[in-house]
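Structural characterization, general
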Amino acid sequence: MPELPEVETVRRSLSARLVGRRVVGCRARAVRLRSCVDPASWQPLLGTTLVRVERRGKFLLLVFGELSAVLHLGMSGRLLVVAPGAPLQPHTHLTLHFEGAELHFQDPRRFGRAEVWPTARLAEVPALAGLGPDALAEGVEEVLLAAAARTRAPIRSVLLDQRVVAGLGNIYATEALARAGIRPTRPAGGLAARRLRRLALAIRSVLEEAIAAGGTTLQDGGFQDAEGRAGFFAVELCVYGREGLPCRRCGSSVRRLALGGRSAYFCPRCQR
DNA sequence: AAGCCAACCTGGACGC
DNA sequence: TGCGTCCAGGTTGGCT
């Protein structure tokens, strides 16, 4: 579910609501997420204060001085800021009690992760160490040109590879390709530099617009920000999830095909 | 050795 | 109403 714009939306509300607050309690269920949640590892956070909230690709880092929480929402994760004592939603695996507010991490499908690491050793966290530059950082164009040049894999696979660029998922990779006029199936290595530069610009614009809209909440209502609100970027999607519907740019019927086990949507007229 | 694909989970939508 | 099937925003490890 959550890609860069959704995670950034959550980051901003966590930052506004929780930075400067002290941790006064915590409850972690020993549940198997992508990494096992170890209840004991969260206890040292008691008494510490949230200093800042960072985002790297789709990861959130809650920095409590010498310790940091590394969080990933997977497909179905949510971070909700609620009033103290608010009822637990099903599949709530972690609760951090701050003075005056609680942070609940819920994740029905359990593809997310939640770990505590020493802040000084964040560079050693395997999941973070392998990430390419953030999709909103400078230098995405160069990285994309270099990565495309060394593979014949479909361009969408390159965009989804977090080691190349961090933060894109299926929705925004799909939409960036639509804006750039490139079919998801195109072998990356065959694309002209001019088209890849256009793609880099499309990535930035689609992510910035999606953040401004508070992210994408599909019909199923999956994504919510930390206040429980939906994002409204779905109305601006050109092709994602729109098989058989008119492309929002030219009106042609959007096509869907399976690519690497996941749906790829494209406009047969705009994208070549 | 790059690249494909099943597996990890639950829940919601849809068809019969 | 109820059951079976398919699909989902992500990542990883194993196989070819």
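Residues numbered from 1 in each chain as written. Chains lettered and ligands numbered in written order. Predicted model: local features only at pLDDT ≥ 70, side-chain atom pairs only at ≥ 80, totals over all residues. Heavy atoms only, no water.

**Considerations on the packing of aromatic side chains**
Any two aromatic rings considered together are summarised by their centre-to-centre distance and by the angle between their planes. The criterion, for reference: Think of it this way: a Phe, Tyr or Trp ring, Trp meaning its six-membered ring, pairs with another when their centres are within 6.5 Å, and the plane angle makes it stacked under 30 degrees, edge-to-face over 60, tilted otherwise. In this description a helix means any DSSP run of H or I spanning at least four residues, a strand means any run of E spanning at least two, and both kinds are numbered starting from the N terminus. For every residue, the accessible area obtained with a 1.4 Å probe (protein chains only) is divided by the maximum for its type, and the residue is called buried under 20%, exposed over 50%, and partly exposed between those limits.
Considering all chains together, one arrives at 3 aromatic pairs under this definition. Aromatic pair Tyr-172 and Phe-233: ring centres 6.1 Å apart, planes at 40°, arrangement tilted. Separated by 61 residues along the polypeptide, Tyr-172 in helix 6 (residues 170–180) and Phe-233 in the loop between helix 7 (193–212) and strand 9 (255–259) bring together distant segments of the chain. Overall, the relative accessible area of 0% leaves Tyr-172 in the buried class. By relative accessible area, Phe-233 is classed as buried at 0%.

**Section: the sheet that holds strand 1 (residues 23–28)**
Selection rule: Here, any two strands with at least 2 DSSP bridges between them count as paired. For helices, the fitted line uses only the C-alpha atoms of the stretch in contact; every axis is such a line through C-alpha atoms, and the angle between N-to-C directions lies from 0 to 180 degrees. Contacts are assigned to residue pairs that have any heavy atoms within 4.5 Å of one another.
If you trace the 4 strands from one edge of the open sheet to the other, you get 1-6-7-5, paired in antiparallel fashion. Strands with a single pairing partner mark the edges of an open sheet, and in this sheet they are strand 1 and strand 5 (78–82). The sheet shows a mean angle of 15° between the axes of neighbouring strands, direction not considered. In this structure, strand 6 (residues 92–98) lies alongside strand 7 (residues 101–106), joined through 6 bridges in antiparallel fashion. Paired with Leu-94 across the two strands is Phe-105, which belongs to strand 7. Helix 1 (residues 4–18) contacts strand 5, strand 6 and strand 7 of the sheet and is inclined by roughly 25° relative to strand 5.

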